[in-house]
Amino acid sequence: MQSESAHSEVYMLRGVRCTQHLKFCKNLNDMKQIRKALVSVYHKDGLDELLAALHKNGVEFVSTGGTQAFIEGLGYKCEKVETLTTYPSILGGRVKTLHPKIFGGILGRRELDSDVAEMAHYDIPAIDLVIVDLYPFEETVASTTDEQAIIEKIDIGGISLIRAAAKNFADVVIVPEKAAYATLLDIVNKQGAQTTREQRKQFAKQAFAVSSHYDTAIHQYFASCTQAD
């Protein structure tokens, strides 16, 4: 006969296994497939390997400008943002992605029937992954005193995409900087073009850190200007 201590160890082992199984099932339920990715980056070095892995897993790309040309140069089909929105890039490139068909596709809650119905009504495709690398504001401030050049490096569309995708991390993956390319690549290589809620939440945390740092740098620039004046 097994001792009471041995029985306790068996029950504890079963409890651990049960907990692990529940966590595994929860992760499966939280898995979200990446089908369409919006890619809008300033720095493109290191992006090609991630795009290759996503393409291999059947992910479709949407982009604009230089990023779209870069993606097509790698041999991948890429839908123009302008084709999706039916609006061209305007105001010298200041307005490209700021459109309901882009932000509706990012912010739409897939579990909410009313959101899904509106997306269908307005023909808004779901965007499951946003890859952004912001204009290099700090580098520009460090390299020039030309105010207009500095102002033009204040990213509007990119920072908006980051915040929107991070807000809707329940459904969307946000890669907010070049440093995060490798993290998503590792995930895709291990589990295909799908992510768990916890993985998406980690990306969202990183995204808001990037957003906070970026806005702080802009604030510091304007603070230094007004002090000088």
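Residues numbered from 1 in each chain as written. Predicted model: local features only at pLDDT ≥ 70, side-chain atom pairs only at ≥ 80, totals over all residues. Heavy atoms only, no water.

Along its length, the chain carries 11 helices and 7 strands. Restricting the contact set of the chain to residue pairs at least 6 apart, pairs at least 24 apart contribute 66%. As presented, the chain carries roughly 13200 Å² of accessible surface, and 54% of it is formed by carbon and sulfur atoms. (Helix = DSSP H or I, 4+ residues; strand = E, 2+ residues; numbered from the N terminus. Contact = heavy atoms within 4.5 Å. Areas by Shrake-Rupley, 256 points an atom, 1.4 Å probe, with all protein chains shown as cover.)

Backbone geometry places threonine 86, a non-glycine residue, at a positive phi of 65°. Tracing the backbone through its elements, the reader meets threonine 86 in the loop between α4 (81-85) and α5 (100-107). Even without a glycine there, the phi angle at leucine 91 is positive, about 55°. Looking at the element boundaries, leucine 91 is found in the loop between α4 and α5.

Counting residues in hydrophobic clusters, the biggest one holds 56 residues, and the most contacted among them are Val39, Phe61, Ile106, Leu129, Val130, Ile131 and Val175. With 8 residues, the single largest contributor to this core is helix α11 (residues 197-228). If sequence neighbours within four positions are ignored, isoleucine 106 has contacts with Leu38, Ile127, Val130, Leu161, Ala164, Ala165, Asn168 and Val172. (Core = buried A, V, L, I, M, F, W, Y, C linked by side-chain atoms within 4.5 Å. Buried < 20%, exposed > 50% of the residue type's maximum accessible area, 1.4 Å probe, protein only.)

A word on the sheet that holds strand β6 (residues 173-175). Spatially, 5 strands are ordered β4-β3-β2-β5-β6 in an open sheet, and the strand pairing comes out parallel. This sheet does not close on itself; its edge strands, each paired only once, are β4 (78-80) and β6. Taken pair by pair, the neighbouring strands of this sheet meet at an average axis angle of 20°, ignoring direction. Of the strand pairs in this sheet, strand β2 (residues 36-41) and strand β5 (residues 129-133) are connected by 5 bridges, and their pairing is parallel. Note on β5: the bridge partner recorded for valine 41 is aspartate 133. (Pairing = 2+ DSSP bridges. Axes fitted to C-alpha atoms, helices over the stretch in contact; angles between N-to-C directions.)

Here 4 bridges tie β2 to strand β3 (residues 60-63), and the two strands are oriented parallel to one another. Its bridge partner being in β3, leucine 38 is matched across the sheet by valine 62. With 3 bridges joining them, β3 and β4 adopt parallel strand pairing. Residue pairing for β4: phenylalanine 61 is matched across the bridge by cysteine 78. Viewed along the sheet, the connection from β3 through helix α3 (residues 65-73) into β4 turns out right-handed. (Right-handed = clockwise from strand over helix to strand, strands pointing away.)

Aromatic ring pairs are described here by two measures, namely the spacing of the ring centres and the angle between the planes. One pass over the full model with this rule turns up 5 aromatic pairs. An aromatic cluster is present here, built from Phe137, Tyr214, Tyr221 and Phe222 joined pairwise through their rings. (Phe/Tyr/Trp six-rings, centres within 6.5 Å; stacked < 30°, edge-to-face > 60°.)

We now examine the pattern of salt bridges. For the structure shown, the criterion picks out 9 salt bridges. Salt-bridge contacts for aspartate 171 lead to lysine 32; the nearest nitrogen and oxygen are separated by 3.1 Å. With aspartate 171 in the loop between α9 (157-167) and β6 and lysine 32 in strand β1 (residues 32-33), this pair connects stretches of sequence that are 139 residues apart. Taking relative accessible area as the criterion, lysine 32 reaches 29% and is therefore assigned partly exposed. Of the charged contacts, one joins aspartate 186 and lysine 190 as a salt bridge, the two residues approaching to 3.2 Å between their closest N and O atoms. Pair noted here: aspartate 186 and lysine 190 are both in helix α10 (residues 181-191), with a separation of 4 residues, about one helical turn. (Salt bridge = Lys/Arg side-chain N within 4 Å of Asp/Glu carboxyl O.)

Quick look at the environment of histidine 213 now. Note that histidine 213 resides in helix α11. We classify histidine 213 as partly exposed; its relative accessible area is 47%. Among the polar contacts made by the side chain of histidine 213, one reaches the side chain of glutamate 138 at a distance of 2.9 Å. (Polar contact = N/O pair within 3.5 Å; in protein donor to acceptor, adjacent residues only side chain to side chain.)

Bear in mind that shape data such as this cannot, by itself, settle questions of function.
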